[in-house]
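Spelled out from the first residue to the last, the chains are:
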Amino acid sequence: MSAIANAPAHDHHDDHGHHHKETFITKYIFSQDHKMIAKQYLITGLIMGIIGIAMSILFRIQLAWPEQSFWVFEALLGDRWAPDGVMSPSIYLALVTIHGTIMVFFVLTAGLSGTFSNLLIPLQIGARDMASGFLNMVSYWLFFLSSVIMLASLFVESGPAMAGWTIYPPLSALPEAISGSGTGMTLWLVSMAIFIASSLLGSLNYIVTVINLRTEGMSMTRLPLTIWAFFVTAIIGVVSFPVLLSAALLLIMDRSFGTSFFLSDIFIKGEVLSHQGGSPVLFEHLFWFLGHPEVYIVLLPALGITSEVIATNSRKPIFGYRAMVASILAIAFLSTIVWGHHMFISGMNPFLGSVFTFTTLLIAIPSAVKSFNYITTLWKGNLQMNPGMLFSIGLVSTFITGGLTGIILGDSTLDINVHDTYFVVAHFHLVMGISALYGLFAGVYHWFPKMFGRMMNKNLGYVHFWVTAVGAYGVFFPMHFIGIAGLPRRYYTNTNFPYFDDYADVNVIITVAAIITALVQLVFLYNFFNSIFFGKKAVQNPWKSNTLEWTTPVEHIHGNWPGKIPAVYRWAYDYSKTGEDGEYVIKGQDFVSQITPLQEGEEELNH
Amino acid sequence: MTVFLVIIVLALLAVTGWQISKIFQLSQRSDADTSQIANDKDNKSNGILMLAFVIFIYVITVYCFWEYGRFYLPEAASEHGGEYDTLMFISIGLIMFVQIITQGLLHYFAFKYKGKKTQKALFYADNDKLEFIWTIIPVITLAGLIIYGLFTWSDIMNINEEEDPMVIEIYAYQFDWRARYSGEDNTLGKANVRFIEGVNQLGVDESDSYGEDDKIVTELHLPVGKPVLFKFRSQDVLHSAYFPFFRAQMNVVPGMITQFGFTPTITTEEMRASEYMVDKVESVNDVRKERNEDLIAQGEPTLDSYEFDYFLLCNKICGQAHYNMQMKIIVESEEDFNAWLEEQPTFGSTIEDSNAPAETEEAPAEDGNETEEPQESEAVAVLDKE
């Protein structure tokens, strides 16, 4: 019945790769196996995540108890950046900048999309590996190199980049304007240029693999939604990352070779600079042409993972598969024409503001459709509350909460008074930060058995989820209110405005919630690393899932399937499908794997 | 040393956690379910927690609106601000309505359909009618919001030149603001950073006769009820001129002149006397009093009691003292305004004065931090050295 059964045991033509002995170096370090590369991405991403979150805790402490002395500042930042244990304004800005950069690019782009695209694309479409294992390896090592350079910039004497993660020039171009715009900024730009190269190599590989290497019977409409999400994410990445690269290159030119792409009419430290005719607004356009699609590069993989995890754990097909695919495509298309909503008050023509308001609010429609479809998928399900499922439901919750405030920010009129306030911080942390992190966690809990052949502890997973869920709302919900009250972001302290004095208590609450939430991530880390070595051995298909990756053996082998690659006969969501008689299609089993041919009398749904 | 201690403590904590988990494992009965896959008990407890969680979301929402809702800015002090607030309240009302319903459904379903061994899920993959409904509803609502928003937007942004607004330049530099009034001719003299020299800190072109009667000040005064058109110019990096009380904001871009216009409608005096502001100032002063008690205990200088003034602040990261780049704004009656403006020296006279006695003092533009907040200046002075 199954495709594996009728595969000849020694199919040498198809079954290559696991004959030759692998050395430690080819297996664990310069591996070309997509599963190992996925693990490398994940662990690098987690380490960057630890650093990024730790930074946020440092500056949250400063915001709650401004200009107080803390031993932790002295220990971590040293005398130069925290004289007498009081954080200096420069390092505050540096922490904010590097936190943003690390979380957006290194954790949520590489750590999330890199990990799961690599792990799942070949496994779920039925391929032996990526189209080019070598490019895939190069992609990871470029990512690793860019991470090292980014971290190295923390130890530069004049400090790391301090101009915000958006690095708007002239601030980012002029070391005279802020010390971090010296060597720190150079390293930031070099690191990001390498990162972009890594991301492009990865994305091209994903696209080629999905288009060419699908197994027999795996039509595009039978792809699991994870693959659709990764595929479309890769396309947006290829379209938009090069634009950031060009912005970075032009900025490097302005900084080092005296060109004037972004600089004009500047008088600083008693001197007029020779730059003439450039415009910082041009940089903003180029930056956000990537910057906005980047939000979806971060979010779509998380939504894809959620679709898969929710369907599996609800024991129900995802509701509205075609609508889900259409929403992903619509979001991807719209995401490239909405960047201007970051620039309503940048000085660009107000008419452009109107256009971007229009396109921005349009993007709410596919997002709404996705949310409703998730909710309907839960309806009348048989929900298995595994930790991955909890994080997926949590994602839908934060995606709605954060997405709704986007209606305010996307409206050019309303943006006038909440632009760059804490309202924005609350909005994007919920909708892309927390949501994407939940997607990452959902993916890790769900596919851990596939990655490491062992199970993570579910009870620790429950503790992790519930404390995080409450904590995340505790951090970001109150933030909306101080934002709408006019409190600007990126302020080292608010004490210079007595008007803001009575918001101080809110900042303390936010910081306490942030510290608790950050601490509970240690439970996750412990669970993660402990389970790699001591977790309970996993069975082949622990979640009773339909997709192809669960038909591979628990032990990893190069080439994924021993013998022939299975053919696919149905879509990925035949959960709880019943025949005419009201019985499950396969008696006593509420799922039908994609490799199971249609049963007698069964109709394939024309989804 | 501290680092070492921290590492030891962390290591010990890790060991403790490991040992506890071991004890936990050992204490489990051998027939216990160790598959690490959710069973009916987990489904039940987490389902109930889902219900509790949505109640938590509702509680935190109500609490925040109750406790922090009062933080919303006072009545808008500009003509277009009323429209802005209406649109804001409509949007907030709408999204809170959707939020309450969708979060309720999401978590209620998670609770209601929590898995049981005996339960069968419904195979329900598609329903075109339903999907059409929840595509079309957002389309209609958003179309309404977009149209409403766009009308307001063009009202605000398209400045009516026929009203003959008073032209004022707002000049930004690290880390302070200046205002330049265009004088009798209501036309600003040409300016460029290349003209910056000596007392001419804003780089006004001395040969341009329109600049003669311009008046450069450190505190922004506005006549109530009169349309004002602000022209923004930056000396060094990006800044953003944020007038929260007037629902106005515009980036200040080096190499480019940006603009924003509004009509102030509430004088500083009126705003101070408003019920909102009386409460607000009282609550701020309560906080400051409490803080003063601590400061006295530590033997440090105390904070002054607070009196409300409008302010303009920088809202685009611009350097290390970004957090303290502000300018006081005073809205007053036209007579008071004219009297005040009369006293200010014109640009022409300032240049003449400085040329007469050999240049005495060249104040570099950077060190100007002359706003009246008592506690800020030391901090900035320290920072500038870095």
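Calculation rules
- Residues numbered from 1 in each chain as written.
- Chains lettered and ligands numbered in written order.
- Predicted model: local features only at pLDDT ≥ 70, side-chain atom pairs only at ≥ 80, totals over all residues.
- UniProt positions renumbered as here; feature names shortened; annotations may be inferred.
- Helix = DSSP H or I, 4+ residues; strand = E, 2+ residues; numbered from the N terminus.
- Rg over C-alpha atoms; globule rule 2.2 N^0.38 Å.
- Buried ≥ 20, exposed ≤ 12 C-beta atoms within 10 Å, placed from the backbone.
- Pairing = 2+ DSSP bridges.
- Contact = placed C-beta atoms within 7 Å.
- Nonpolar A, V, L, I, M, F, W, Y, C, P; charged D, E, K, R; others polar.
- Axes fitted to C-alpha atoms, helices over the stretch in contact; angles between N-to-C directions.
- pLDDT = per-residue confidence, 0-100.
- Parallel < 35°, antiparallel > 145°, perpendicular 65-115°, else oblique.
- Expected span 1.5 Å × (residues − 1).
- Bend = angle between axes of the 7 residues up to and from the residue.
- Core = buried A, V, L, I, M, F, W, Y, C linked by C-beta atoms within 7 Å.

As recorded by an unreviewed UniProt entry, chain B carries the name cytochrome-c oxidase and is attributed to Christiangramia gaetbulicola. Heading Sequence similarities (unreviewed entry) of the UniProt record for chain B holds this comment: "Belongs to the cytochrome c oxidase subunit 2 family." UniProt, in the comment section headed Subcellular location (unreviewed entry), describes chain B in these words: "Membrane".

The name recorded for chain A in an unreviewed UniProt entry is Cytochrome c oxidase subunit 1, from Christiangramia gaetbulicola. Per UniProt, chain A has the following entry under Sequence similarities (unreviewed entry): "Belongs to the heme-copper respiratory oxidase family." Under the UniProt heading Subcellular location (unreviewed entry), the entry covering chain A gives this text: "Membrane".

**Q** Would you explain the overall build of chain A in this entry?
**A** For chain A, the helix and strand inventory stands at 16 helices and 2 strands. On C-alpha atoms alone, chain A measures out to a radius of gyration of 25 Å, which is about the 25 Å that the 2.2 N^0.38 rule sets for 607 residues. Considering only C-alpha atoms, chain A reaches an extent of 85 × 50 × 50 Å along its principal axes. Counting every position in chain A, which comprises 607 residues, the buried fraction comes to 65%.

**Q** Before we go on, may I ask you to explain the overall build of chain B in this structure?
**A** Of regular secondary structure, chain B possesses 9 helices and 10 strands. Burial statistics for chain B: of 386 residues in total, 36% are counted as buried.

**Q** In this structure, what is going on with the pairing of strand S5 (residues 228–234) of chain B? I would like to understand it.
**A** Residue and element names in this part refer to chain B. Most of S5 is tucked away: 6 of the 7 residues are buried. Sheet topology places strand S1 (residues 166–173) next to S5; 7 bridges connect them, and they run parallel. Residue pairing across strands places Glu169 opposite Lys231, the latter belonging to S5. Strand direction decides the pairing type here: S5 and strand S8 (residues 258–262), joined by 5 bridges, are antiparallel. Along S8, the bridge assignment pairs Phe230 with Phe260.

**Q** Looking at this model, I keep getting lost on the UniProt feature "domain: Cytochrome oxidase subunit I profile" (unreviewed entry) in chain A. Mind explaining?
**A** Mapped onto this numbering, the UniProt entry annotates "domain: Cytochrome oxidase subunit I profile" (unreviewed entry) at residues 24–569 of chain A. End C-alpha atoms of residues 24–569 of chain A are separated by 38 Å, and the span's content is 67% helix alongside 1% strand.

**Q** Please clarify how the interface of chain A and chain B should be interpreted in this entry.
**A** Interface extent is often summarised as the accessible area lost during association of the parts. Contact residues are listed per partner, giving 115 residues for chain A and 106 residues for chain B. Across the side of chain A that touches chain B, the residue classes break down as 70 nonpolar, 33 polar and 12 charged.

**Q** In this structure, what is going on with the sheet that holds S5(B)? I would like to understand it.
**A** The strands that make up a sheet pair up through hydrogen bonds in the backbone, lying either parallel or antiparallel. All names here are of chain B. Within the open sheet, the 5 strands sit side by side as S3-S2-S1-S5-S8. Their pairing is mixed. Either end of the sheet is taken by a strand with one partner, and the two such strands are strand S3 (215–217) and S8. Here the strands of the sheet are splayed against their neighbours by 25° on average, with no regard to which way each runs.

**Q** How do you make sense of the sheet that holds strand S10 (residues 326–332) of chain B when you look at a structure like this?
**A** Residues and elements named next belong to chain B. Spatially, 5 strands are ordered S4-S10-S9-S6-S7 in an open sheet, and the strand pairing comes out mixed. The open sheet has two free edges, formed respectively by strand S4 (220–223) and strand S7 (248–252), since each of these has just one partner strand. Here the strands of the sheet are splayed against their neighbours by 20° on average, with no regard to which way each runs. Here strand S6 (residues 239–243) pairs with S7 via 5 bridges, running antiparallel. Paired with His239 across the two strands is Val252, which belongs to S7. Packing against the sheet, helix H7 (residues 334–343) makes contact with S4 and S10, and its axis sits at approximately 140° to S4.

**Q** How should the confidence of the model for chain B be read in this particular structure?
**A** As a general rule, the predicted coordinates of low-pLDDT regions are not to be interpreted in detail. Residue and element names in this part refer to chain B. Predicted confidence across chain B gives a mean pLDDT of 87, with 88% of residues reaching 70 or more. Segment residues 359–386 is flagged for pLDDT under 50; beyond a separation of four residues in sequence, or across chains, it makes 32 contacts in the model. Under the prediction, the complex receives an ipTM of 0.91, its pTM being 0.91.

**Q** I keep staring at unusual backbone geometry and nothing clicks. Help me out?
**A** Excluding glycine, residues mostly carry a negative phi; peptide bonds, for their part, are mostly trans. Looking along the chain, the bond that leaves Pro169(A) and enters Pro170(A) is cis, with omega of 5°. By the element assignment, Pro170(A) lies in the loop between helix H5 (133–152) and helix H6 (183–212). A cis geometry characterises the amide bond from Gln174(B) onward to Phe175(B), with omega recorded as -5°. Looking at where Phe175(B) falls in the secondary structure, it is placed in the loop between S1 and strand S2 (176–181). Positive phi, close to 55°, is recorded for Arg315(A), a residue that is not glycine. Here Arg315(A) lies in the loop between helix H8 (280–314) and helix H9 (321–335).

**Q** Sorry, what's going on with the UniProt feature "transmembrane region" (unreviewed entry) in chain B here?
**A** In the UniProt entry, the feature "transmembrane region" (unreviewed entry) is given for residues 48–66, 87–111 and 131–151 of chain B. Regarding residues 48–66 of chain B, the helix share stands at 100% and the strand share at 0%, and the terminal C-alpha atoms are separated by 27 Å.

**Q** Please explain the packing of helix H12 (residues 387–409) of chain A against helix H15 (residues 458–484) of chain A as it appears in this structure.
**A** Axes are the key here: two packed helices are described by the angle between their axes and the distance separating the axes. Residues and elements named next belong to chain A. Taken N-terminus to C-terminus, the directions of H12 and H15 make an angle of 10°; their axes are 10 Å apart at the nearest point. If you check the angle between H12 and H15, you find them roughly parallel. Between H12 and H15, the residues in contact are Pro387, Leu390, Phe391, Gly394, Thr398 and Thr405 and Lys458, Gly461, Tyr462, Phe465, Ala469, Ala472 and His480, respectively. Tallied by class, residues from the contact of H12 with H15 come to 7 nonpolar, 5 polar and 1 charged.

**Q** Mind showing me how you'd approach helix H7 (residues 225–256) of chain A here?
**A** Because each turn of an α-helix spans 3.6 residues, side chains separated by three or four positions end up pointing in the same direction. Residue and element names in this part refer to chain A. For H7, spanning 32 residues, the distance from its first C-alpha to its last is 45 Å, which sits close to the expected 46 Å at 1.5 Å a residue. Helix geometry: H7 is bent most strongly at Val238, by close to 30°, with proline Pro242 lying one to four residues after it. Positive phi appears at Gly258, one or two residues downstream of H7, with a value of about 75°.

**Q** Hey, could you run me through helix H14 (residues 422–452) of chain A in this one?
**A** Residue and element names in this part refer to chain A. Where H14 bends most, at His446, the angle is about 50°, and the proline Pro449 comes one to four residues later. In terms of burial, H14 is a largely internal element, 27 of the 31 residues being buried. Looking one or two places after H14, you find Gly453, whose phi comes out positive at around 70°.

**Q** Sorry if this is basic, but what is going on with the confidence of the model for chain A here?
**A** In the predicted model, chain A carries a mean pLDDT of 92, and 96% of its residues have values of at least 70. This model gives residues 1–18 of chain A a pLDDT under 50, and the stretch forms 26 contacts once residues within four places in sequence are excluded.

**Q** Help me understand the pairing of S7(B) in this model?
**A** Each regular strand displays side chains that alternate between the two surfaces of the sheet. Residues and elements named next belong to chain B. Of all 5 residues in S7, 5 are buried; the element is thus mostly enclosed. What you see with S7 is no split at all: Ala248, Met250 and Val252 on one side and Gln249 and Asn251 on the other are buried throughout. Between S6 and the antiparallel strand that follows it, S7, lie 4 residues; Arg247 among them carries a positive phi value of about 50°.

**Q** Explanation requested: the nonpolar core in the structure shown.
**A** Taken as a class, soluble globular proteins show a tendency for nonpolar side chains to be buried jointly. One finds Leu171(A) and Leu312(B) to be the most contacted residues of the largest nonpolar core, which totals 283 residues. Residue contacts for Leu312(B): discarding those within four places in its chain leaves Trp177(B), Leu220(B), Ala241(B), Tyr242(B), Phe243(B), Gln326(B), Met327(B) and Ile329(B).

**Q** Honestly, the environment of Val539(A) in this entry has me stumped. Any pointers?
**A** Turning to its location among the elements, Val539(A) is positioned in the segment after helix H16 (504–534). The class of Val539(A) is partly exposed, set by 15 C-beta atoms lying within 10 Å.

**Q** For this particular structure, what's the right way to read the environment of Asp254(A)?
**A** Note on placement: Asp254(A) falls in helix H7. Setting aside its immediate chain neighbours within four residues, Asp254(A) contacts Pro169(A), Ala173(A), Thr259(A), Ser260(A), Phe261(A), Phe262(A) and Leu263(A).

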